Amino acid sequence: MDLKQIASLFEMMSEHKVASLEWENDGQRLKVQMISGTAPAPQYIAAPAPIAAPAPVAAAAPAAVGDAQPVGEIVKSPMVGTFYRAAKPGSPPFVNVGDTVEKGKVLCILEAMKLMNELESEFGGTIAEIMVENGQPVQFGQPLFRIVNG
C-alpha cells in the first residue's frame, strides 16, 4: 500500500465517519484509529523562553530606627508576557529613568500571545527605576517600574 492509497483511506474514513479500520494483505498490516471521525491536524507549539531564576538575595540586616524603605509606587505586570520598552525595535523607549510621567502615560508594551498591550501608568511622578530588561519575559505581578512623587 503506497502513501496515496493510505491518504485515500483516511479521506474515505473521514467521509463515512469510520472510527477504526484494520487491513491485512500479503503480510502487510495496517491499523488506523481516528479520533472524533477526523484526522487530527498537526500542531506546532513553540516552547516558552526559559525564565532566569532570580539571583539569590542576601539576608537583610534588621532595620534600624530611621532606616527608610524604598519610596515610590511599584508598577507591576498585569499579565504574563514579554516586556518591550519601545513601540518597535529602533524606536526611542516610552520612558527612561528620570522622566516625569502623568497617570495614563504609556510606560511599555507587554506582548502576550502575539498581541501588543500598552501598559499605562497608574501614578504620576518620576521614573526612579526600570526593573526589567527590554525583551525579557515577565510574570503576572512582577515589578516593572518604581515611580516616585516628583
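Everything discussed here concerns the structure shown above.
Let me begin by describing the structure that accompanies this report. (Residues numbered from 1 in each chain as written. Predicted model: local features only at pLDDT ≥ 70, side-chain atom pairs only at ≥ 80, totals over all residues. Heavy atoms only, no water.)

1. Quick notes on the environment of lysine 31
Cut-off, in case you're wondering: Put simply, DSSP H or I for four residues or longer makes a helix, DSSP E for two residues or longer makes a strand, and each gets a number counted from the N terminus.
Position of lysine 31 among the secondary structure elements: in strand S2 (residues 28–33). Along the backbone, lysine 31 and leucine 21 are 10 residues apart, and their C-alpha atoms lie at a distance of 5.8 Å.

2. A short note on the sheet that holds strand S6 (residues 106–112)
Going by this rule: Two strands are said to pair when DSSP picks up at least two bridges between them.
An order of S7-S6-S4-S9 is seen for the 4 strands of this open sheet, with the pairing classed as antiparallel. If you trace the sheet from one side to the other, it starts and ends with strand S7 (115–120) and strand S9 (137–138), each paired once. Bridge analysis of S6 against S7 gives 6 bridges, and the strand direction is antiparallel. Paired with cysteine 108 across the strands is leucine 119, a residue of S7.

3. Quick notes on the packing of aromatic side chains
Rule in force here: In this scheme Phe, Tyr and Trp rings, the latter by its six-membered ring, pair at centre separations within 6.5 Å, and the angle between planes marks the pair as stacked below 30 degrees, edge-to-face above 60, and tilted otherwise. Burial classification: accessible surface area is computed with a 1.4 Å probe over protein chains only, and a residue below 20% of its type maximum counts as buried, one above 50% as exposed, and the rest as partly exposed.
Taken as a whole and judged by the stated rule, the model has 1 aromatic pair. Where phenylalanine 83 meets phenylalanine 145, the ring centres are 5.8 Å apart and the plane angle is 50°; that geometry is what we call tilted. Of this pair, phenylalanine 83 sits in strand S4 (residues 81–84) while phenylalanine 145 sits in strand S10 (residues 143–148), and the two are 62 residues apart along the sequence. As far as the burial class goes, phenylalanine 83 and phenylalanine 145 line up, both buried.

4. With respect to the environment of glycine 98
Our working definition: Here, residues are in contact when the closest pair of their heavy atoms is within 4.5 Å.
With respect to the helices and strands, glycine 98 occurs in the loop between S4 and strand S5 (100–101). The exposure class of glycine 98 is partly exposed, given its relative accessible area of 45%. Sequence separation between glycine 98 and threonine 126 is 28 residues, and the spatial gap between their C-alpha atoms is 5.8 Å. Apart from the residues within four sequence positions on either side, glycine 98 is in contact with Thr126 and Ile127.

5. Some words on the nonpolar core
Definition in use: For this analysis, a nonpolar core means a set of buried residues of the types Ala, Val, Leu, Ile, Met, Phe, Trp, Tyr and Cys, connected via side-chain atoms within 4.5 Å.
Counting 15 residues, the largest nonpolar core has Phe83, Leu107, Leu110, Ile127, Leu144 and Phe145 as its most contacted members. Broken down by secondary-structure element, the contributors of at least two residues to this core are S6, strand S8 (125–130) and S10. With residues up to four places along the chain from it excluded, the contact list for leucine 107 reads Val75, Arg85, Phe94, Val95, Val101, Leu119, Glu120, Ser121, Ile127, Phe145 and Ile147.

6. Topic: the sheet that holds S10
Read across the open sheet, the 4 strands follow the order S3-S10-S8-S5; overall the sheet is antiparallel. Looking at strand neighbours, the two that pair on one side only are strand S3 (73–76) and S5, the edges of this open sheet. Two strands pair when backbone bridges link them, and S3 and S10 are joined in this way by 4 bridges, in the antiparallel orientation. From the neighbouring strand, isoleucine 74 faces S10, where its bridge partner is arginine 146.

7. Here we look at the side chain of serine 77
The criterion, for reference: By the criterion applied in these results, polar contacts are pairs of N or O atoms within 3.5 Å in which, for protein atoms, one can donate a hydrogen and the other can accept it, and in which residues neighboring in sequence qualify only through two side-chain atoms.
Checked against the element boundaries, serine 77 lands in the loop between S3 and S4. Among the polar contacts listed, one links the side chain of serine 77 to the backbone oxygen of methionine 79, at a separation of 2.5 Å. Excluding anything up to four places from it in sequence, serine 77 contacts Leu110, Val138, Gln139, Phe140, Gly141, Gln142 and Leu144.

8. What to know about the pattern of salt bridges
What counts, and what does not: Salt bridge, as used here: a side-chain nitrogen of Lys or Arg that lies within 4 Å of a carboxyl oxygen of Asp or Glu.
Counting across every chain of the model gives 1 salt bridge. For glutamate 129, the salt bridge identified is with arginine 146, shortest N-O distance 3.2 Å. Placement of the pair is glutamate 129 in strand S8 and arginine 146 in strand S10, with a sequence separation of 17 residues.

9. Things to note about the side chain of serine 121
Along the chain, serine 121 falls in the loop between S7 and S8. Given a relative accessible area of 4%, serine 121 falls into the buried group. Within the local environment of serine 121, its side chain forms a polar contact with the backbone oxygen of phenylalanine 123, the two atoms lying 2.4 Å apart. Excluding residues that lie within four positions of it along the chain, serine 121 makes contacts with Val101, Glu102, Lys103, Gly104, Lys105, Leu107 and Ile147.

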